[in-house]
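# Descriptive analysis of the structure
The lines below spell out each chain.
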Amino acid sequence: MGKNDLAIFGGPKAVQSDPGDIFTWPRITKEVEDAVLEVLRAGKMSDVDVTEKFEKEFAEWLGVKYALAHNNGTAALHGAMFGIGIRKGDEVICPSITYWASCLPVYSLGGTVVFADIDPETLCIDPNDIERRITPRTKAIIVVHYLGMPADMDAIMDIARRHNLKVIEDCSHAHGALYKGKMVGTFGDVACFSLMSGKSLACGEGGMLTTDDRRIYERAIVFGHYERHHLLTYEDLKDGAGLPWGGYKYRMHQLTSAVGRVMLKHYPEMMAEIDKAMNYFWDLIEGLPGIRSHRPPKGSGTTKGGWYAPHGLYRSEELEGLSVYRFCETLRAEGVPTRPGCNLPLHLHPLFNTIDVYGDGKPTRIANCPPNVDVRQPYGSLPVSEGIQEKVFSVPWFKRYRPEIIKEYADAFRKVIENYRELLPGDTKRSSEPVGGWGMTRMIRNP
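Residues numbered from 1 in each chain as written. Predicted model: local features only at pLDDT ≥ 70, side-chain atom pairs only at ≥ 80, totals over all residues. Heavy atoms only, no water.

## What about the overall build of the protein chain?
Counted only if it meets this: A run of H or I in DSSP counts as a helix once it spans at least four residues, and a run of E counts as a strand once it spans at least two, with each numbered from the N terminus. Between the two quantities, the radius of gyration covers C-alpha atoms and the globule rule is 2.2 Å times the number of residues to the power 0.38. When a residue's accessible area, from a 1.4 Å probe over protein chains only, is under 20% of the maximum for its type it is buried; when over 50% it is exposed; and in between it is partly exposed. Residue contacts are defined here by distance: any two heavy atoms, one from each residue, within 4.5 Å place the two residues in contact. For the area figures, the Shrake-Rupley method with a 1.4 Å probe applies, and any residue is considered shielded solely by the protein chains shown. Charge assignment in this entry is limited to Lys and Arg as positive and Asp and Glu as negative, and neither His nor the chain termini are counted. Lysine's charge is taken at NZ, arginine's at CZ, aspartate's at CG and glutamate's at CD.
Each helix and strand in the protein chain was counted, giving 12 helices and 12 strands. For a compact globule of 447 residues, the expected C-alpha radius of gyration is about 22 Å, and the protein chain comes in at 23 Å, within 12% of that figure. Its C-alpha atoms give the protein chain principal-axis dimensions of roughly 75 × 60 × 40 Å. Counting only residues that meet the buried cut, the protein chain has 57% of its 447 residues in that class. Of the contacts formed within the protein chain by residues at least 6 apart in sequence, a portion of 72% connects residues at least 24 apart. Accessible surface for the protein chain amounts to roughly 18,100 Å². Of this, 50% is attributable to carbon and sulfur atoms. The centroid of the 54 positive side-chain charges in the protein chain is displaced by 1 Å from the centroid of its 57 negative side-chain charges.

Written as structure tokens, this is what we have:
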């Protein structure tokens, strides 16, 4: 096999078969359609009865006391921040490599964010970088189980306990994932899940807040769920019942609740098939130079749940410096949907550096900081986050276990890597298209 065999040079593609519905998601069945039609025909789109059933089932599935449905994951994170008591001048610590909703709602509460770097292997927040970011103003650590990979919760919870900090788990990428045998979303004080249609637990547009802390649950209710105020038990919260304290209306649309109940019922089975398919794919190419799987060690009790937006780790030095751009370009020619990069580092965006959102006369990032305190983090402050775009790439997200189809995609990786020297002369070491993105779902959508 040589240069002429690579599809980018005119050879036959490695992926020849029609993938069928192996990438189709979510799975819309008659059961889903009937559940939606029942809500529509009853005219209950804005009621809460179906939503309350979904909340109860979600809490039981996760193994927590309370679940509060929101109209999206961003709203759930906003409610969680209010729930733990974020106030003006407070700081939260969050990884820079994540979707913006993990931290940006803190602005509306008068707080700000201090970014921590990520671990280059897990791509999650690096516990070794958290502790040095803590100040007397730090209120919470926001943990993101990024791309389905559970973060190092033992180390993170130890830091939180020693410094008396709250922990918010953003589980939007990791529905059903386990950390050492225990579900993510059950370690911190409160957890949030996006349930939008691109996620592994896909329900439409929706979010879920979960907690074992009754006061956090009730504060989230008073913040954006005025129709639930009859559930309040704390007197200081009951005194302000009737209107949403945040001025937000965050209830979940019941079409999402209806879809969610069906999806949740079948999710463990669907998740298991995804996990089997993705592990099979990585097993086929494990050990090839230049790439590493982004998955937990086998037998560790840690899993990736539904493998949302799966990626691989790239090691160009093992391929004589072949850039990730040329690598992905060649894979696409072979029929593999892949792109270099992941979420762009938030700390470098103007919104966290120069933009004055609320007319305070100074950038919102530092608007409520004490005099002479500037928490902004310029280029060079988070080296792993800033360099990660050339060290990761997306891989096909197989929703069904079909070994013969999956093998064709794995063979494409093997073909490209075995012929990488043929690609070096044409490697410009740069991308002709944007790398990474502020969002994720559109960037990694498979055909």
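## Details of the sheet that holds strand 10 (residues 291-293)
Sheet strands associate in pairs through backbone hydrogen bonding, adopting either a parallel or an antiparallel arrangement. Applied cut-off: Note: two strands are recorded as paired if DSSP finds a minimum of 2 bridges between them. Between N-to-C directions, angles cover 0 to 180 degrees, with each direction set by a line fitted to C-alpha atoms, over the stretch in contact for helices.
Spatially, the 3 strands line up as an open sheet ordered 10-11-12, and their pairing is antiparallel. Edge positions in the open sheet fall to strand 10 and strand 12 (392-394), since each of these has one partner strand only. With strand direction ignored, the average angle separating the axes of adjacent strands in the sheet is 35 degrees. With 3 bridges connecting them, strand 10 and strand 11 (residues 311-314) associate as antiparallel partners. Residue Ile 291 lies in a different strand from strand 11, and its bridge partner there is Tyr 314. Strands strand 10, strand 11 and strand 12 of the sheet are contacted by helix 9 (residues 324-333), whose axis makes an angle of about 20 degrees with strand 12.

## Observations regarding the side chain of Asp 126
Stated precisely, the cut-off is as follows: Salt bridges, as used here, are contacts in which a Lys or Arg side-chain nitrogen is within 4 Å of a carboxyl oxygen on Asp or Glu. Polar contact is defined as a pair of N or O atoms within 3.5 Å, subject to the rule that within protein one atom must be able to donate a hydrogen and the other to accept it, and that residues adjacent in sequence are counted only when both atoms are side-chain atoms.
Relative to the elements of secondary structure, Asp 126 occurs in the loop between strand 3 (112-116) and helix 4 (127-130). Among buried charged residues, Asp 126 stands out as having no salt bridge; its nearest opposite-charge side chain is Arg 132, 8.1 Å away. Here Asn 128 takes part through its backbone nitrogen, which lies 2.9 Å from a polar atom of the side chain of Asp 126. Excluding its chain neighbours within four sequence positions, the residues that come into contact with Asp 126 are Asp 117, Ile 118 and Asp 119.

## Quick look at the pairing of strand 2 (residues 91-95)
Most of strand 2 sits out of view: 5 of its 5 residues are buried. Burial along strand 2 is two-sided: Glu 91, Ile 93 and Pro 95 and Val 92 and Cys 94, pointing in opposite directions, are all buried. The pairing of strand 2 with strand 3 spans 5 bridges and is parallel. Bridge pairing links Glu 91 to Thr 112 in strand 3. With 3 bridges joining them, strand 2 and strand 4 (residues 138-144) adopt parallel strand pairing. In the sheet register, Glu 91 faces strand 4, and the bridge partner there is Thr 138.

## Digging into the packing of helix 2 (residues 49-62) against helix 8 (residues 254-285)
Quick note on the threshold: By definition in this entry, angles of less than 35 degrees are roughly parallel, angles greater than 145 are roughly antiparallel, angles of 65 to 115 are roughly perpendicular, and the rest are oblique. For a crossing to be left-handed, the near helix must be turned anticlockwise from the far one by less than a right angle; the clockwise case is right-handed. Only Asp, Glu, Lys and Arg are considered charged in this grouping, and only Ala, Val, Leu, Ile, Met, Phe, Trp, Tyr, Cys and Pro are considered nonpolar; every other residue, Gly among them, is considered polar.
Relative to each other, helix 2 and helix 8 sit at 30 degrees, their axes nearing to 8 Å. Considering the angle they form, helix 2 stands roughly parallel to helix 8. Where helix 2 crosses over helix 8, the two elements pack in a sense that is left-handed. Contact residues: Asp 49, Val 50, Thr 51, Lys 53, Phe 54, Glu 57, Phe 58 and Trp 61 in helix 2; Gln 254, Ser 257, Ala 258, Gly 260, Arg 261, Leu 264, Tyr 267 and Pro 268 in helix 8. Classifying every residue of the contact of helix 2 with helix 8 gives 8 nonpolar, 4 polar and 4 charged.

## Here we look at unusual backbone geometry
Excluding glycine, a negative phi dihedral is what most residues carry, and trans is how most peptide bonds are arranged. Here the bond from Trp 25 into Pro 26 is cis, since omega is -5 degrees, no more than 30 degrees from zero. As for its placement among the helices and strands, Pro 26 is situated in the segment before helix 1 (30-42). Its identity is not glycine, yet Leu 123 carries a phi of approximately 70 degrees, on the positive side. Classification of Leu 123 by relative accessible area gives buried; the value is 1%.

## A look at the nonpolar core
Operational definition: By nonpolar core is meant a set of buried Ala, Val, Leu, Ile, Met, Phe, Trp, Tyr and Cys residues that side-chain atoms within 4.5 Å join together.
Grouped together as the largest cluster of nonpolar side chains are 104 residues, with contacts concentrated most on Phe 58, Phe 281, Ile 291, Phe 327, Phe 393 and Phe 413. Among the elements that make up this core, the one with the highest residue count is helix 8 (14 residues). Those residues in contact with Phe 413 that sit more than four places away from it in its chain are Phe 281, Ile 285, Leu 288, Ile 291, Phe 327, Leu 331, Val 336, Phe 393, Val 395 and Pro 396.

## Comments concerning the state of the cysteines
Which entries qualify depends on this criterion: Cysteine sulfur atoms are paired as a disulfide whenever they come within 2.5 Å of each other.
Summed over all chains, the structure comprises 0 disulfides. Here Cys 171 stays unpaired: no disulfide links it, and the sulfur of Cys 192, its closest cysteine neighbor, is 8.0 Å away. With no disulfide of its own, Cys 203 has Cys 171 as its nearest cysteine by sulfur position, at a separation of 14 Å. Classification of Cys 203 by relative accessible area gives buried; the value is 3%.

## What about the sheet that holds strand 1 (residues 66-70)?
The strand order across the open sheet formed by 7 strands is 1-9-8-5-4-2-3, and the pairing between neighbours is mixed. The sheet terminates laterally at strand 1 and strand 3, the two strands that pair on one side only. Sheet twist, expressed as the average angle between the axes of neighbouring strands with direction ignored, equals 25 degrees. One ladder, built from 5 bridges, connects strand 4 with strand 5 (residues 166-170); its direction is parallel. From the neighbouring strand, Ile 142 faces strand 5, where its bridge partner is Ile 168. Contacts from helix 2 reach strand 1, strand 8 (190-194) and strand 9 (207-211), with the element oriented near 130 degrees to strand 1. In this fold helix 5 (residues 153-163) packs onto strand 4 and strand 5, with an angle of close to 175 degrees to the strand it touches most, strand 4.

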